[in-house]
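Chain by chain, the residues:
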Amino acid sequence: MAFLTLKHIQRIFEPGNNQVVALKDISLTVDAGEYVAIMGESGAGKSTLLNIIATLDQASSGKITLNGRDLTKLPEKAAAQYRREHLGFVFQNFNLLDSFNNQDNIFLPLVLAHTPLQEMQRRLAPLAQQLMITKLLARYPYEISGGQRQRIAVARALITQPELLLADEPTGALDSHNATQLLKLFAQVNQAGQTILLVTHSAATASYSRRTLFIKDGIIYHELYRGTQSQTQYLQKINTSLTALMTSGGEENVKA
Ligand SMILES: Nc1ncnc2c1ncn2[C@@H]1O[C@H](COP(=O)(O)OP(=O)(O)OP(=O)(O)O)[C@@H](O)[C@H]1O
């Protein structure tokens, strides 16, 4: 069964007297366990799409469901609870709180859900080991490196055992070594069953996914599946598609 479905999603912003059609008509289905990358040029609508899936923004029209639940017009309070209980987020700039140590940053979503301390500790132990952050837990975010901070942020996203992990340019602030580490980790987590949706400008980052969607002018312009291709072959196809995307006028969709 489709896990995430978007049907004819449109998002129009109206700054001043203008109209900006950020998303024109997006229909999309994601199955449980998929790992999908979303690419496109600046202003293509990637973040708008991610925000709507994250219930941080609402579509102007269309319908969105996640795991059978209609998210289209969730009131803000219900949306906030939904995000806490069902979604995990990883951002480019980590979004950790410097006034909390790393462990408390990771525990934060569970504290908000009134989870008992023992349960929080039980969940953290294997995660900390997998993410190689056990020794960093008592330190503060400003006392560790960028790559380490992002691993803390990933632990915070995963500790709620979210149905869907959403990542917006998660490698954007990392050097190539740390970016690769993070992407290998995402691939591992996905292989263990975690559904992931990731927005990126980087073809190398997208090449760790199993499917890449290309957005242009508010529509899904093209998509690629990795299938049985090697990562290198998949990366080449992503780069070719990006070149086609950037050089095309936008009147005609790229053929898969
Ligand atoms: N709150 C807003 N008010 C008005 N226009 C907006 C708003 N948010 C986004 N837009 C416009 O919607 C379009 C899509 O923006 P969006 O941020 O989704 O693009 P993006 O693909 O994520 O770009 P980038 O890669 O630069 O982050 C752009 O034209 C942008 O200017």
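Cut-offs used in this document
- Residues numbered from 1 in each chain as written.
- Predicted model: local features only at pLDDT ≥ 70, side-chain atom pairs only at ≥ 80, totals over all residues.
- Helix = DSSP H or I, 4+ residues; strand = E, 2+ residues; numbered from the N terminus.
- Rg over C-alpha atoms; globule rule 2.2 N^0.38 Å.
- Buried ≥ 20, exposed ≤ 12 C-beta atoms within 10 Å, placed from the backbone.
- Contact = placed C-beta atoms within 7 Å.
- Near = placed C-beta within 6 Å.
- Nonpolar A, V, L, I, M, F, W, Y, C, P; charged D, E, K, R; others polar.
- Pairing = 2+ DSSP bridges.
- Axes fitted to C-alpha atoms, helices over the stretch in contact; angles between N-to-C directions.
- Parallel < 35°, antiparallel > 145°, perpendicular 65-115°, else oblique.
- Left-handed = near helix turned anticlockwise from the far one by under 90°.

Mind laying out the overall build of the protein, listing which residues take part and the relevant values?
Along its length, the protein carries eight helices and 10 strands. Relative to the compact-globule value of 18 Å for 256 residues, the protein shows a C-alpha radius of gyration of 18 Å, a close match. Along the longest, intermediate and shortest principal axes, the C-alpha atoms of the protein span 55 × 45 × 40 Å. Within the protein, the proportion of its 256 residues that are buried is 38%. Sequence separation of 24 or more characterises 70% of the internal contacts of the protein that already satisfy a separation of 6 or more.

Please give an account of the site of the ligand that cites residues and values.
Around the ligand, the neighbouring residues are Phe13, Pro15, Val20, Ala22, Gly40, Ser42, Gly43, Ala44, Gly45, Lys46, Ser47 and Thr48. Elements supplying a minimum of two residues to the shell around the ligand: β2 (20-31) and α1 (46-53). Among the elements that make up the shell around the ligand, the one with the highest residue count is α1 (three residues). Per-class residue counts for the shell around the ligand are five nonpolar, six polar and one charged.

Summarise the sheet that holds strand β4 (residues 61-66); cite the residues concerned and give the values.
Here we have four strands laid out as an open sheet, ordered β2-β1-β4-β5, and antiparallel in their pairing. Either end of the sheet is taken by a strand with one partner, and the two such strands are β2 and β5 (69-70). Relative to β2, strand β1 (residues 2-13) runs antiparallel, the two being bridged by eight bridges. Bridging from a neighbouring strand, Leu6 pairs with Leu28 of β2.

How would you summarise unusual backbone geometry if you had to cite specific residues and measurements?
Excluding glycine, residues mostly have negative phi values, and the peptide bonds linking residues are mostly trans. Positive phi is not limited to glycine here, since Thr55 has a value of about 60 degrees. Checked against the element boundaries, Thr55 lands in the loop between α1 and β4.

Help me get a handle on the packing of helix α5 (residues 146-158) against helix α6 (residues 176-191), residues and values and all.
Packed helix pairs are characterised by how far apart their axes lie and by the angle those axes make with each other. At a closest axis distance of 10 Å, the pairing of α5 and α6 adopts a crossing angle of 20 degrees. When the interaxial angle is binned, α5 and α6 end up roughly parallel. In terms of crossing hand, the pair formed by α5 and α6 is right-handed. For the pair α5 and α6, the contacting residues are Gly146, Gly147, Gln150, Val154 and Leu158 in the first and Asn178, Gln181, Leu182, Leu185 and Val189 in the second. Taken together, the residues of the contact of α5 with α6 break down into five nonpolar, five polar and no charged.

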